[in-house]
Amino acid sequence: MRDPMSALTDAFTSFLFGKVETTRLPVRTSTGQAQAVYLPTAAPGLGDSGVIIGREVYSGKGYIYDPFQLYGQQLPAPHWLVLGESGNGKSALEKTYVLRQLRFRDRQVVVLDAQGEDGVGEWNLIAEALGITPIRLDPIAANDGGIRLNPLDPAITTTGQLALLRTIIEVAMGHGLDERSGFALKVAHAYVVDTIQDRQPVLTDIVEQLRHPEPESALAMNVDIDDVRAWGLDVALVLDRLVDGDLRGMFDGPTTVGIDLDAPLIVFDLSHIDRNSIAMPILMAIVGVWLEHTWIRPDRKKRIFLVEEAWHIINSPFVAQLFQRLLKFGRRLGLSFVAVVHHLSDVVDGAAAREAAAILKMASTRTIYAQKADEARATGRVLGLPRWAVEIIPTLTPGIAVWDVNGNVQVVKHLITETERPLVYTDRAMTESSTPQQLPEDLLAAELEAEERALYIERQRGAGPGSATTVA
């Protein structure tokens, strides 16, 4: 019941000024109309320039990402780490990302393809569709006129050659070179570089010099020649594996003529190498250093270096040190390094924990697909993810991932066009449908341009999930 004084006051006011209250009729509307009045709240995007990834799950906004557009403003480094268990969409994301990046004229991509399917690398379909022949490193084919990469290629500086030789030996031995072995290697390398001028020096020359060192090498250090030979024996035995062992043929000759380093996409097919053998990190070290000196140039191109099974790099202290230098050096020349691994524990708990931490620190973009709860918690601790993101990682469905772009954390659904789908589908061996499809470049361009327009319009009007348009 109202207070009598309030009732008297209202009556007096109505007598003087008339009735002041009005009755408002109810308004019936739909959520689609009401959203214009009550705008949804969502995390800010990354801008409108770059490559379309898909949609932000909670707002329905288009999600666009490009490390070259964001570098220096929202990103301190252009490098990217992709994590997640098999079957959740990592491979599809990598492939569509590369295909969409290649639409820009100033982009160039190198892929180290360590996954095999149907006797060829996983990227073989995309390479064929673009008219590119993968560089297939195969010890069997190398002996029969296959591809060779020379660690002593004159395109690599003498300092780079020596660093690469040390890394090969240290990876194979599982420990660093001692001073005496390092001296024997240094002397042998210097002699080979100084005396062989009419052709490319090769590993056989280094092995021969280690077995039969020059007397001048001993005199320079005032030691016996037999001591120098003994110091270099273990080194010679390791290098002999590349010359006459299970890796014979790939690295013990001049670099194959005709490797096109100006192609928009360069695929190194490593699928014929045992992924669990010591050969894989050795191979990645050689390819990485060879690319550093022959591919990365100050020509204003934006380059992407994508490594499948990247734990082979990050989990070896010696290889990780080489790539750590490459990342620091490449950042000044427009290089974005993309590392793809299944579990963060594959690298942070390994022998190269310190080197792995340094490389992870340089990766300002992290994309995490579904993981088990305990793995998600460990990943969250290492990467500093917010609690809500860690809690939803185990619940993510294929194609959806948590994206952390220098602290901007969002949940994103990756979208694939119908033209891209047959090229990124990597489970053909488990299904009956395995017909590849050629890539009509104009059709892919049209699909992506339509997708760009739709997503741009939605970003401009702040559309919510209720009005999202389905794209491909």
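Cut-offs used in this document
Residues numbered from 1 in each chain as written. Predicted model: local features only at pLDDT ≥ 70, side-chain atom pairs only at ≥ 80, totals over all residues. Heavy atoms only, no water. Core = buried A, V, L, I, M, F, W, Y, C linked by side-chain atoms within 4.5 Å. Buried < 20%, exposed > 50% of the residue type's maximum accessible area, 1.4 Å probe, protein only. Helix = DSSP H or I, 4+ residues; strand = E, 2+ residues; numbered from the N terminus. Domains from an automatic or database assignment. Expected span 1.5 Å × (residues − 1). Contact = heavy atoms within 4.5 Å. Pairing = 2+ DSSP bridges. pLDDT = per-residue confidence, 0-100. Phe/Tyr/Trp six-rings, centres within 6.5 Å; stacked < 30°, edge-to-face > 60°.

### Details of the nonpolar core
Soluble globular proteins tend to bury their nonpolar side chains together. Within the largest apolar cluster, 94 residues are counted, with the highest numbers of intra-cluster contacts made by L137, L239, F268, L291 and F305. The element best represented in this core is helix α13 (residues 279-294), accounting for 11 residues. Three or more residues apiece are contributed to this core by two domains, here domain 1 (51-147 + 260-424) and domain 2 (149-255). Grouped together as the second largest cluster of nonpolar side chains are 34 residues, L75, L306, V412 and L423 included.

### Some thoughts on helix α15 (residues 317-331)
Along its 15 residues, α15 runs 21 Å from first to last C-alpha, staying within 8% of the 21 Å computed at 1.5 Å per residue. Buried residues of α15: P317, F318, V319, A320, L322, F323, Q324, L326, L327 and G330, and no others. Contacts from the buried residues of α15 go to α7 (158-173), α13, β9 (302-307), α14 (311-314), β10 (335-341) and α17 (353-362).

### Structural notes on the pairing of strand β3 (residues 80-83)
One face of the sheet, then the other: side chains in a regular strand alternate in exactly this way. Side chains W80 and V82 project from β3 onto one buried face, and the interleaved L81 and L83 project onto a second face that is buried too. Relative to β10, β3 runs parallel, the two being bridged by four bridges. By the bridge assignment for β10, L81 is matched with A339. Here four bridges tie β3 to strand β11 (residues 365-368), and the two strands are oriented parallel to one another. Within β11, the position partnered with L81 by the bridge is R366.

### Quick look at the confidence of the model for the protein
Across the protein, the average pLDDT comes to 80, with 81% of residues at or above 70. Contacts for the low-pLDDT stretch residues 459-472, under 50 throughout, to residues beyond four places or in other chains number 31 contacts.

### Some remarks on the packing of aromatic side chains
Enumeration according to the criterion identifies 12 aromatic pairs in this entry. Ring plane angle 75° and centroid distance 6.2 Å describe the contact between W295 and F305, whose orientation is recorded as edge-to-face. Of the two residues, W295 sits in the loop between α13 and β9 while F305 sits in strand β9, which places them 10 residues apart along the sequence. What makes W295 buried here is its relative accessible area of 0%. Here F305 and F337 contribute two aromatic rings whose centre-to-centre distance is 6.0 Å and whose plane-to-plane angle is 75°, an arrangement assigned as edge-to-face. Separated by 32 residues along the polypeptide, F305 in strand β9 and F337 in strand β10 bring together distant segments of the chain. When its relative accessible area of 1% is taken as the criterion, F305 is described as buried. On the basis of relative accessibility, which here comes to 2%, the residue F337 falls in the buried class. Ring pairs connect the aromatic residues Y63, Y65, W80, Y97 and W403, which therefore count as one cluster.

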